[in-house]
Every structure is written in C-alpha cells, then in structure tokens.
There are 2 protein chains.
Amino acid sequence: MSEVYAARRTRLRERCTAGGSAAALVSRPANVRYLAGAAPRGAVLLLGARDDLLLCAGPLEDRPMEGRPDEALSVRTPSGPAGDPAVAATVLAAEQGADSLAVEEHHLTVARHRALRSAAPGLRLTDLGCAVEQLRVVKDEEEISCLRIGAEIADQALGELLESILVGRTERHLALELERRLVDHGADGPAFPTSVGTGPHSGRPGHRPTDRRVEEGDFLSVCLGATYRGYRCEIGRTFVIGSSPADWQIELYDLVFAAQRAGREALAPGAGCRDVDRAARQVLDSAGYAEHLPPLTGHGVGLEIDEDPRLTPSAMGKLDACVPVTVEPGVHLPGRGGVRIDDTLVVRPEADGGPELLTITTKELLAL
Amino acid sequence: MSEVYAARRTRLRERCTAGGSAAALVSRPANVRYLAGAAPRGAVLLLGARDDLLLCAGPLEDRPMEGRPDEALSVRTPSGPAGDPAVAATVLAAEQGADSLAVEEHHLTVARHRALRSAAPGLRLTDLGCAVEQLRVVKDEEEISCLRIGAEIADQALGELLESILVGRTERHLALELERRLVDHGADGPAFPTSVGTGPHSGRPGHRPTDRRVEEGDFLSVCLGATYRGYRCEIGRTFVIGSSPADWQIELYDLVFAAQRAGREALAPGAGCRDVDRAARQVLDSAGYAEHLPPLTGHGVGLEIDEDPRLTPSAMGKLDACVPVTVEPGVHLPGRGGVRIDDTLVVRPEADGGPELLTITTKELLAL
C-alpha cells in the first residue's frame, strides 16, 4: 500500500507546485487518511518541499484511529497532547524555508487560521482548496473493492432483517439491529446513522429513527451502509408491510423505481452530473411530484459518505470511469409517507458492461 | 421551555451589545440548540437587533433534528436547500441596518467566513468567540435533570451487561450491546462511541472496540454514556474477569480509585480546575505513573460530551455550582492494560451536601 499513498502525495505535490506553493498542510481528516493511510484524531499532514510528515496531537497508541499510517511517513507528536499539530506544521514549513503554505481554507476555522498566521508571520498562507477532494473522486480498484465488500455486508444485514418479524418493532430497534449486523459481518461500523422510516416517516431523506412501531400497511424505508477499511457505501430500499400493498403504494413505488432506473442507466463516463440528476428527476417531475423531491438524487461515496460528485440540477462537471456514486431518488408525501430507492454504483464504460451495481438487494416491491 | 431559550438569547444579546455588536450569528450546532431549542442540520441562529431568526438549510420536516425549535422563534428557509443559511443571515443582518455582526470564528471555516464577507461587504464581521460556550457552562436544574436521567440510563445498561456472560465475547459486540441497551432504556442514543477495552487495551482513553475477545484474567474497561434530550453524560468502570484478580491488578485499581476519589472530593464551587486535576493526578504521579497519564483528568459535559471546563494541569478558572463535570483519571500500561474510573458529577456547595454523583454504579473492583 505504501507506494499508493506516496503516489497520491506526489500527485498533490505536483498540483501545489503548479499552484505556486512548495508546501501544503492537509487538515481535513478524510484527506489526511487518503494521503497518509490513517488519520489519528487531530493529526495533520505536512507535504513539505523535502519530506512529508504526519503530525499527531498525541502519542499514536493513545489515538482512536482507523487504518495504519504509511510507514514511509515520518510521524511526529510535536508539542505534546495539548498543542495544535497544524501550528507545529506551519512553524516547521517556515523553518524548512517554504515561503508559502497551501492550507485547506474550507476546513480550517478562522480562529485556527489566525493561529497559523501568527505562528509563522513570514509564511504566506494560500488556499489549497478542494485539491485533495478532487484527487479522491476517481477511485482505484483497491478502493472500489473496499466499497464492494462494504456493499455486500450491507446487503447481508438488510437481507437478514427482512427474514425477521417486523410488525410491532420500533424504528430505533430496527436501526440498531441493522447496525449490529453490519458489524457482525465485518464492517468497521455503520457508514452513517442508519435510517429506518415507517408509515408517515417512510421516504424521508435522513429520517432519524423514532419509537414509532411498524404497522400493517406501512411503507417501511430503510437506508444503511457499511464502512469497510474506511470506505462507506449506501443502500436504501422501501418495502410494504402486510400481504397486499394499496394501489397508491404500488403506483408510487413503480414511479420511484422508474426514476431510479433512469438515473442508473444515465451513468456513463462523460455523462454530465446534472443530466444524470435530470434523468431521474424528470420521471418524478412529470408525474407531478416536483415539490416533493430532495435537492439531490445522488452523490459520490468513498472515505466519506457524501463526496463529490453531486447529482443535482445545478451540478457542473461530468462523470469519469471508476467514480462510485449513489442513485437515490425518492418521494415523501407529508403525512402519508413515501418511497426511496438507493443504490451505490461504480461508473464504468459501456465496453466494461456499463455501471457496476454494488448493492444487489432486489428492488422489486416486497410485501413483508 | 420557551422563556428559557428567550432568556438565554437575552443574556447573549447583552454580551454582544457590551462587545459592541448589535447582531450575532450562531452557527455551532450545540450553540444553536442551546439558544433555539433545536439545531436542524445546517441551521444557524441570527440574533438580530430587533428579532431572532432560525435560518434552516431546508424544509424543517426534512431535517434530521433532535428537539423542537422554540415556538417564539421565527423559522425561515431562505435560499432553498442549496443555499448557506449563514450567508442569508448575514445579508439579513445588513438589511436590518446592523453595522457589525459577531460570528463564531472558532466554528466558521475561512472559506465560509469569506463568503459572508462578500455577501455583505458593508457589514463588519467581529468575533463572538466562545460566548455561547461560556453561557453553557453553568446548567439550570432542567438541564441537570436531563443529565441525571441519562446517567440512570447508562447505569442500567452497564448493570445489565455485568449480569451477562462476558468471557469469549468481542469488544465490538459488548459495545454494541451496551448501545442497544441505552436506547432500550430511553436514550436518544449513545453520548459518544462506546469504548470497551479488554486485556492490553484496558484503560486506554477513547479505545475503539476491536474483535479481541474477553479472556480470563483480563482487565475489562468500559466507557459509555447516554444522550437524553440532547444532554450527554459519561461513566467509565474497570472490572476483572475471573474469580481472583492478580496482585498488580488490585494495586493498580486501588491506586486509580484513590486518585479518582481525590478528584471527586476536590470538586467544590470556587475550586480551581487545575487544583481538581492535581488532586487526582498527584496520587498517580507519586506512585510513579506520571508518564502514563492522560492530558486531562476530567471535563464538563452537557449538549456536547467534551465541554468547558477542562480539568488539566494548565487549566485556568474555577468551578461554579451547577457545573457538571467528569472525573476520570486512569493509568494505561502499554502491553499490559490498565484502569480507568470515570464518573459524572455536578458541583454543589458543601451546604447542599457537596458534589452530586450522577453515575452511581459501584466503584468496588468487581471480579466477573
């Protein structure tokens, strides 16, 4: 793995040099992990003119941490557990003779940025912007296989839940059971708080489980994901409780299913993000649900659950091969409930069989 | 409750006016919740010269949210789900004729702060600092009763775990079972990721549960907490697995117990935070464990699990009555394990019986 991290840091260093900065300070945890192999809590990565350093906020063995730091990196705990590694990194960059340091202005707070400035007044602080996030968009096969395993785990956890009795159980308990099963099957943990919505809560994006119990005739929508070696996938399904779905439930489900399929089928290298969004969205718009739609119909996944690209009406940019995204249109009717269907897929060229579906749980309307 | 939130906002407004700002923008979620009763994801609170506004990033019913917003507040969703409520709030403050706006520079990123500046160039942005965090330090009895209930829930969950078979089970599963029990007993959820450390992992602050299984003769240290109505408490205990603890285990336990008791007994209105830390720390120092000690021996709790005050050697400031804090000294011996004992208490004057212990699970060394 070590050379993978080194190659990523080299790509970033090239961008920095092109941007006129010899040194960069990476503080956003997911970015640190991407470049260093691990992100001990509070650690920052200094991409120096000469060498790269992982600066930690305390002794490594005391840091809650996923992954292991790249052995090729020298690790330092500069100023004791109390100090801010970002300040230490800035001082170090100045000592190494850098005249400017690119920092993540979208992550550093104003107060912290001021502390860096006063720690090294001679050093010009520039903006690294989202350079690392941009590097993270296209995944290598190693990253994709972590997502694939995570998706298998989520499929397993969901499949087991469907075999159990659901009526009478609360949203909270179903969510907790799903999270326990994720870990049972080898996940680091849930990729995000598991969402379980019943009846009027169904189909709500990001619904927080409540004590409402599953009832006959409910829509039940579930959204969960596994984190595997730091990589986070997502799957969402909606079911009907009881033997016979109502007509409105079947109609709404078929509609959302059609929208989600349209979105999936629009995934291709070179496709515009907004075009994928439109493909899914227009199916629901034309059925008159325009005002019931969430702002986005999908997003990238990786070390974070909500990464670039974003599939929205205003999104710029095009998809590349090897970009994993969710396609998750849904409709929520206040007071009645709704449907969400959510898959994680990897954009692949037609020649390779088109988009690779990672979350393979059936999307037929199951009556449980 | 409404008048409680209004009174809190009034106190903050007085501080702002004293600081020369007629308006304030509160963006840190726990601070928004403290002043508004709820913090819908992405919402900010504008404390205007005239009225107060909660600006949300999307329709309220679509926001994952704990608590309900104070009805006395007008709620707006300014620029659609895509917009940044902080930008909208800044524009609004300028329109209302404020010449300066105090913002939370320790929470706003550099990039976001720049967006605010360019959205209202005429408006002077000042630093609100940690004014809201300071208001939050001393709790009212309503807040303390939420912490008390949360502590009861954590005690129950821990007590039930101790009645079950532990040998052979993994740290991950014990942690998950504890979190399920917290919710069973009415918690909103865990107050922080539950830590379960066995054998060599025992006594590590913030240890992330692994797949290591409990073995005969292990130390088992557990740290968990419940969130109840947003308030987060913490309890940590260490046990021995098997009938007869080894001598070194008994000695180490007695030592940490003595340190923790010394810390608890030092809690009083007017006591210096560093003096409470020293009371606990010196017991361990004098036994030769100086280099095995964590940087802090306790911290405030409330809407966040790690609040002011901090009990460290360098801490300034004194404790007040009605300040809930943890007292959690511990010793971790790399490769061998260790002991942590952690309580949540409320500082009370001697006349009221001294510190109120919220987490009442026994601190005798239990052999399980």
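Criteria and thresholds
All chains use their own residue numbering, which begins from 1 and follows the written sequence. The lettering of chains begins at A and the numbering of ligands begins at 1, in the order of writing. This being a predicted model, a pLDDT of at least 70 is required before a residue's local features are given, and a value of 80 or more before pairs of side-chain atoms are given or counted; all residues contribute to the totals for chains, interfaces and linings. With hydrogens and water stripped out, all remaining heavy atoms of the structure feed into the side-chain values. Just to be clear on terms, a salt bridge is a Lys or Arg side-chain nitrogen sitting within 4 Å of an Asp or Glu carboxyl oxygen. Secondary structure elements are defined from DSSP: runs of H or I of at least 4 residues count as helices, runs of E of at least 2 residues count as strands, and each element is numbered from the N terminus. Relative accessibility thresholds used throughout: buried, under 20% of the residue-type maximum; exposed, over 50%; partly exposed, between the two (1.4 Å probe, protein chains only). Each residue gets a pLDDT score, which is the predictor's confidence in that residue and runs from 0 to 100. When DSSP finds at least two bridges between two strands, those strands are taken to pair. Helix axes use the C-alpha atoms of the stretch in contact, all axes being lines fitted to C-alpha atoms, and the angles between their N-to-C directions lie in the range 0 to 180 degrees. Working rule for contacts: check all heavy atoms of both residues, and any pair within 4.5 Å makes them a contact. A helix is expected to reach a length of 1.5 Å times the quantity of its residues less one. It is the directions from the helix axis to the C-beta atoms whose arc is reported. Geometry of aromatic contacts follows a simple scheme: Phe, Tyr and Trp rings, the Trp one being its six-membered ring, pair when their centres are within 6.5 Å, and the pair is stacked under 30 degrees between planes, edge-to-face over 60, tilted otherwise. Over a ring means this: the NZ of a Lys or the CZ of an Arg is within 6 Å of the ring centre and within 35 degrees of the ring normal. Orientation is classified from the angle alone, with under 35 degrees giving roughly parallel, over 145 giving roughly antiparallel, 65 to 115 giving roughly perpendicular, and any other angle giving oblique. Two helices that cross are described as forming a left-handed crossing if the nearer one is turned anticlockwise from the farther one by less than a right angle, and a right-handed crossing if clockwise. Only Asp, Glu, Lys and Arg are considered charged in this grouping, and only Ala, Val, Leu, Ile, Met, Phe, Trp, Tyr, Cys and Pro are considered nonpolar; every other residue, Gly among them, is considered polar. Domain extents, as shown, originate in an automatic or database domain assignment.

> Explain the pattern of salt bridges to me, and be specific about the residues and the numbers.
Residues and elements named next belong to chain A. This structure, assessed with the given rule, holds 58 salt bridges over all chains. Close ionic contact of E141 with R348 constitutes a salt bridge, the shortest N to O distance being 2.8 Å. Remark: R348 occurs in the loop between β18 (343-346) and β19 (356-357) and E141 occurs in helix α6 (residues 141-162); sequence separation between them is 207 residues. We classify R348 as buried; its relative accessible area is 11%.

> I'd love a proper account of the confidence of the model for chain A, names of residues and values included.
For chain A, per-residue confidence averages 92 on the pLDDT scale, and 96% of positions sit at 70 or higher. At the level of chain-chain contacts, confidence expressed as ipTM amounts to 0.82, with global pTM at 0.87.

> Before we move on, can you summarise the sheet that holds strand β8 (residues 195-198) of chain B with the specific residues and values?
Residue and element names in this part refer to chain B. Overall, antiparallel pairing links the three strands, which are arranged β8-β9-β12 in an open sheet. Unpaired on one side and paired on the other, β8 and β12 (235-240) mark the two borders of the sheet. Taking each pair of neighbouring strands and ignoring which way they run, the sheet shows an average axis angle of 10°. Note that β8 and strand β9 (residues 219-224) share four bridges and pair antiparallel. Its bridge partner being in β9, S195 is matched across the sheet by C223. Across the sheet, helix α6 (residues 141-162) lies against β9 and β12, angled at about 15° from β12, the strand it touches most.

> Just give me the short version of helix α1 (residues 2-18) of chain A, but keep the residues and values in it.
Residues and elements named next belong to chain A. Between its first and last C-alpha atoms α1 spans 25 Å; for 17 residues at 1.5 Å apiece the expected length is 24 Å, and the two agree. Within the sequence span of α1, burial applies to Y5, R8, R9, L12 and C16. Taken down its axis, α1 places every buried residue within 95° of arc, on the same side. More than 90 degrees from the buried face of α1, the exposed residues found are E3, T17 and A18. Backbone geometry just after α1 places G20 at a positive phi near 90°.

> Could you give an account of the sheet that holds strand β9 (residues 219-224) of chain A, with specific residues and numbers?
Whenever strands of a sheet pair, they do so through backbone hydrogen bonds, lying parallel or antiparallel. Residue and element names in this part refer to chain A. Spatially, β8-β9-β12 is the arrangement adopted by the three strands of the open sheet, whose pairing is antiparallel. Looking along the sheet, the strands with just one partner apiece sit at the ends: β8 (195-198) and β12 (235-240). Each strand axis lies, on average, 10° off the axis of its neighbour in the sheet, ignoring direction. Across six bridges, the pairing between β9 and β12 is antiparallel. Across the sheet, S221 pairs through a bridge with T238, a residue of β12. Helix α7 (residues 171-184) contacts β8 and β9 of the sheet and is inclined by roughly 145° relative to β8.

> So what's going on with the packing of aromatic side chains? Residues and values would help.
Residue and element names in this part refer to chain A. As enumerated under the stated definition, the model contains two aromatic pairs over all chains in all. On the basis of an interplanar angle of 80° and a centroid distance of 5.5 Å, the ring pair of F219 and W248 is categorised as edge-to-face. With F219 in strand β9 and W248 in helix α8 (residues 247-265), the pair connects residues that are 29 residues apart, well separated along the chain. For R8, the ring lying beneath its charged end belongs to Y34, and the centroid distance is 4.0 Å.

> Account for the packing of α6(B) against helix α7 (residues 171-184) of chain B, naming residues and giving values.
All names here are of chain B. The contact between α6 and α7 brings their axes to 9 Å, and the two run at 135°. In terms of orientation, α6 and α7 fall into the oblique class. As for how α6 packs across α7, the hand of that crossing is right-handed. On α7, the residues that touch I153, A154, A157, L158, E160 and L161 of α6 are L174, E177, L178, R181 and L182. A breakdown of the residues in the contact of α6 with α7 according to their chemical character gives eight nonpolar, no polar and three charged.

> Describe the domain arrangement of chain A, naming the residues involved and giving the relevant values.
Bring the parts together and some accessible area is lost; that lost area is often taken as the interface size. All names here are of chain A. Domain annotation for chain A reports domain 1 (2-135) and domain 2 (141-357). Its C-alpha centre places domain 1 at a distance of 34 Å from the equivalent point of domain 2. Every contact between the two is made by six residues of domain 1 and, on the other side, seven residues of domain 2. Scanning the region where domain 1 abuts domain 2 turns up two salt bridges. With a shortest N-O distance of 2.9 Å, R28 and E304 are connected by a salt bridge.

> So what's going on with the environment of B:I235? Which residues, and what values?
All names here are of chain B. Mapped onto the fold, I235 is located in strand β12. Once the C-alpha coordinates of I235 and T359 are considered, the two residues, 124 residues apart in sequence, prove to be 6.3 Å apart. When near neighbours in sequence (up to four residues on either side) are disregarded, I235 contacts A154, D155, L158, V222, C223, L224, D342, T359 and T361.

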